[in-house]
Amino acid sequence: MTQTNSADTETNAGADAATNALEIRMATSDDVPRVLAVMDGIMEWLVSLGRTAQWGTQPWSESEALVDRVQGRVDRGELRVAATGDDEIAGVLSVSQQPGHYIQAAEEPELFINLLATNRRFKGRDVGGLLIAEAKAEAARRGLGLLRVDCFAGDDGRLKDWYASQGFTEVEPFTVRRDSGPDWPGMLFAMRVELPGVA
């Protein structure tokens, strides 16, 4: 199960100015602690709302498996960060050409969003939309016409609504069976990417 997708589901009037001030760059090992801090902040927010079905209650920084997962994505050149001029991390994006093990492979080459998250300090600034745009651009740069992502489909369904608002289409629901804790309901989404020179 991918631990992805705590995307920013709110917008405000200053969103364009805020996102224009951000730079998306490849993450380095030096960024790992700050990426984990972003994820911990999201975790704390979800727990405060009583929404523990998505990620549980253990902070990412205290999970060896999740720390290793983030470091692995950096090492493989998959992880990007949206950063301010002061290098504060506003959002996190990880893409690869392989989905999680619980997702059936596509029938064509694809780019898959394995992680997308927005720093809670930047809520309402459409950082998530900026990261989706970067994923689409990366797919086009690689000549990949299919972009897919999965998200948690439980609770109030706001994540599903947000991905639909970004232009994704629902493909199919799925359930990840877990030995510890409740099963994880998910939704798989897909989007066609316009490729240069392809009619």
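Residues numbered from 1 in each chain as written. Predicted model: local features only at pLDDT ≥ 70, side-chain atom pairs only at ≥ 80, totals over all residues. Heavy atoms only, no water.

A positive phi angle, near 60°, is found at aspartate 126, a position not held by glycine. Looking at the secondary structure, you find aspartate 126 in the loop between strand 4 (111–118) and helix 4 (127–141). The residue aspartate 155 is not glycine, and still its phi comes out positive at about 55°. Its place among the elements puts aspartate 155 in the loop between strand 5 (146–152) and helix 5 (158–165). (Helix = DSSP H or I, 4+ residues; strand = E, 2+ residues; numbered from the N terminus.)

In this model, the chain carries a mean pLDDT of 90, and residues with pLDDT of at least 70 account for 89%. Confidence over residues 7–17 falls short of pLDDT 50; this stretch has 28 contacts with residues more than four positions distant or in other chains. (pLDDT = per-residue confidence, 0-100. Contact = heavy atoms within 4.5 Å.)

In total, this model carries 7 aromatic pairs according to the counting rule given. An angle of 80° between the planes, with centres 4.9 Å apart, marks the rings of tryptophan 162 and tyrosine 163 as edge-to-face. Using a relative accessible area of 6% as the deciding quantity, one classes tryptophan 162 as buried. Taking 5.8 Å as the distance between ring centres and 35° as the angle between the ring planes, the aromatic pair formed by tyrosine 163 and phenylalanine 189 counts as tilted. You can see tyrosine 163 sitting in helix 5 and its partner phenylalanine 189 sitting in strand 7 (residues 184–192), a full 26 residues away along the chain. Counting every residue linked through ring pairs, the aromatic cluster contains Tyr102, Phe152, Phe174 and Trp184. (Phe/Tyr/Trp six-rings, centres within 6.5 Å; stacked < 30°, edge-to-face > 60°. Buried < 20%, exposed > 50% of the residue type's maximum accessible area, 1.4 Å probe, protein only.)

Moving on, we come to the sheet that holds strand 4. What the 7 strands build is an open sheet, ordered 1-2-3-4-5-7-6; its pairing is mixed. Of all the strands in the sheet, the pair left with one neighbour each is strand 1 (23–26) and strand 6 (169–176). Averaged over all adjacent pairs, the angle separating strand axes in this sheet is 25°, with direction ignored. Along the sheet face, helix 3 (residues 64–75) touches strand 2 (79–83), strand 3 (89–96) and strand 4 and points at about 95° away from the line of strand 2. (Pairing = 2+ DSSP bridges. Axes fitted to C-alpha atoms, helices over the stretch in contact; angles between N-to-C directions.)

Here arginine 148 lies in strand 5. Setting aside residues up to four positions removed in sequence, arginine 148 forms contacts with Pro99, Ile103, Gln104, Ala105, Ala106, Glu110, Leu111, Phe112, Ile113, Leu188, Phe189 and Ala190.

Those residues of helix 5 lying buried are Leu159, Trp162 and Tyr163. Along helix 5, the residues classed as buried sweep out an arc of 95° about the axis, all on the same side. Residues Asp161 and Ser165 are exposed on helix 5 and point more than 90 degrees away from its buried face. Contact partners of the buried residues in helix 5: strand 4, helix 4, strand 5 and strand 7. Where helix 5 terminates, the next one or two residues include glycine 167, which has phi positive at roughly 100°. (Arc of directions from axis to C-beta.)

With that settled, consider the packing of helix 2 (residues 32–48) against helix 3. Running from N to C, helix 2 and helix 3 cross one another at 130°; their axes reach a closest spacing of 10 Å. Comparing the axis directions of helix 2 and helix 3 gives the class oblique. Our pair here, helix 2 against helix 3, has a crossing hand that is right-handed. Taking contact as the criterion, the partners of Val32, Val35 and Leu36 in helix 2 are, on helix 3, Val67, Val70, Gln71 and Val74. Residues belonging to the contact of helix 2 with helix 3 are distributed by class as follows: 6 nonpolar, 1 polar and no charged. (Parallel < 35°, antiparallel > 145°, perpendicular 65-115°, else oblique. Left-handed = near helix turned anticlockwise from the far one by under 90°. Nonpolar A, V, L, I, M, F, W, Y, C, P; charged D, E, K, R; others polar.)

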